[in-house]
Every structure is written in structure tokens, then in C-alpha cells.
Amino acid sequence: MEARLFALQRLTAMVMAPFVFVHVGLVIYAVRGGLTAGEILSRTQGNWLWIAFYGLFVLSVSIHVPIGVRNILIEWLRIGRPAASAIGLAFGAALLILGMRAVAAVGGLAS
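Here the structure is a predicted model, which is why all the values come from computation and not from measurement. (Residues numbered from 1 in each chain as written. Predicted model: local features only at pLDDT ≥ 70, side-chain atom pairs only at ≥ 80, totals over all residues. Heavy atoms only, no water.)

Colleague: Explanation requested: the packing of helix α1 (residues 2–32) against helix α3 (residues 48–75) in the structure shown.
Modeller: How two helices sit against one another is set out by the angle between their axes and by the gap between those axes. At a minimum axis separation of 8 Å, α1 and α3 run at an interaxial angle of 135°. By the angle between their directions, the pair α1 and α3 is classed as oblique. Handedness of the α1/α3 crossing: left-handed. A per-class count over the contact of α1 with α3 returns 17 nonpolar, seven polar and two charged. (Axes fitted to C-alpha atoms, helices over the stretch in contact; angles between N-to-C directions. Helix = DSSP H or I, 4+ residues; strand = E, 2+ residues; numbered from the N terminus. Parallel < 35°, antiparallel > 145°, perpendicular 65-115°, else oblique. Left-handed = near helix turned anticlockwise from the far one by under 90°. Nonpolar A, V, L, I, M, F, W, Y, C, P; charged D, E, K, R; others polar.)

Here it is as C-alpha cells:
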């Protein structure tokens, strides 16, 4: 299982890299351009490209990060693998739920 988690974390890192570069680039563009939150939201509301982009970003983060948290819990805090796995899964589920709620809100899908 450790080898599979290692490979999955590396795969999600490769998937996340372009998302991070685009996201940071957009943040820099928005800040330098003086865009307000309202202006940014007006560009993202109902735009399925951005909804898909950030949805996939959130999905990859919610897989990648909990694996790292699990490893930290095992290696640094000496928590057993079953407990660390449960904590990692809970953390990943929380990231997924909160992230998808944010994507829905930014994409104009939230009620």
C-alpha cells in the first residue's frame, strides 16, 4: 500500500503543478490589474471552464495532501498506520467538501 500511495502522491503532484502555476498567475494578474472581488466573480460565474479547472484542482489537492499528512503523522508523530490513515481520509474528505463548496460558490452554482 505504501508504494501505491507514494505513486499516487507523485501523480497528483504532476497533475497539480499546472493548476498551481495558472492559479498563481491569475492571482498576480488580478492583483496587478486592480480587479475587485466582484469583477473576478463576474468573470467566473457560470463559466464551466473555470468550474472544471478548479474542480479538478480541488480533487487533486484532496488526494495529494492527505497522503502527505498521513506520512507526517506516521514519521514525525509516531501515530500508527491505521489511525494515521483514518485521520488522513477525514482530512481529505474535509478538503474535498470545503473545496467543492468554494468551486460551486465561485462558479455561481451555489444557491
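Colleague: Hey, could you run me through the packing of aromatic side chains in this one?
Modeller: Describing an aromatic ring pair means giving the distance of the ring centres and the angle of the ring planes. Under the counting rule described, the total for this entry stands at seven aromatic pairs. Centroid distance Tyr54 to Phe57: 6.3 Å. Interplanar angle 25°. Geometry classified as stacked. Of the two residues, Tyr54 and Phe57 both sit in helix α3, three residues apart, roughly one turn of that helix. Note on Phe57: relative accessible area 13%, which makes it buried. An aromatic cluster is built from Phe19, Trp50, Phe53, Tyr54 and Phe57, whose rings are joined through pairwise contacts. (Phe/Tyr/Trp six-rings, centres within 6.5 Å; stacked < 30°, edge-to-face > 60°. Buried < 20%, exposed > 50% of the residue type's maximum accessible area, 1.4 Å probe, protein only.)

Colleague: Explanation requested: the side chain of Ser62 in the structure shown.
Modeller: Checked against the element boundaries, Ser62 lands in helix α3. Ser62 gets classed as buried once you look at its relative accessible area, which sits at 9%. Here Ser62 is in contact with Gly92, Leu95 and Leu96, once residues within four sequence places are set aside. (Contact = heavy atoms within 4.5 Å.)

Colleague: Help me out: how do you make sense of the environment of Tyr29 in this one?
Modeller: Of note, Tyr29 is situated in helix α1. For Tyr29, the contacting residues outside a window of four places in its chain are Leu35 and Arg43.

Colleague: What should I look at first to understand the environment of Arg43 in this one?
Modeller: Summarising the element assignment, Arg43 is placed in helix α2 (residues 37–44). In this structure, the C-alpha to C-alpha distance between Arg43 and Arg81, residues 38 residues apart in sequence, is 44 Å.

Colleague: What's the story with a nonpolar patch on the surface in this structure? I'm lost.
Modeller: A cluster of nonpolar side chains, namely Leu8, Leu11, Met14, Val15, Leu56, Leu59, Ile63, Leu96 and Met100, defines an oily patch on the protein surface of about 720 Å² accessible area. Counting residues per element, the ones that place at least two in the nonpolar patch are α1, α3 and α4 (81–106). Residue contributions to the nonpolar patch peak at four residues, all from α1. (Patch = residues over 30% accessible without salt bridge, like charges linked within 9 Å, V, L, I, M, F, W, Y side chains within 5 Å. Areas by Shrake-Rupley, 256 points an atom, 1.4 Å probe, with all protein chains shown as cover. Salt bridge = Lys/Arg side-chain N within 4 Å of Asp/Glu carboxyl O.)

Colleague: Help me understand the pattern of salt bridges, please; the structure alone is not making it clear to me.
Modeller: If charged atoms from side chains of opposite charge come close, those side chains can pair. Enumeration over the complete set of coordinates arrives at two salt bridges. Note that Arg70 is salt-bridged to Glu2, the shortest N-O span being 2.7 Å. Of this pair, Arg70 sits in helix α3 while Glu2 sits in helix α1, placing them 68 residues apart in sequence. Here Arg70 falls in the buried class, since its relative accessible area comes to 5%.

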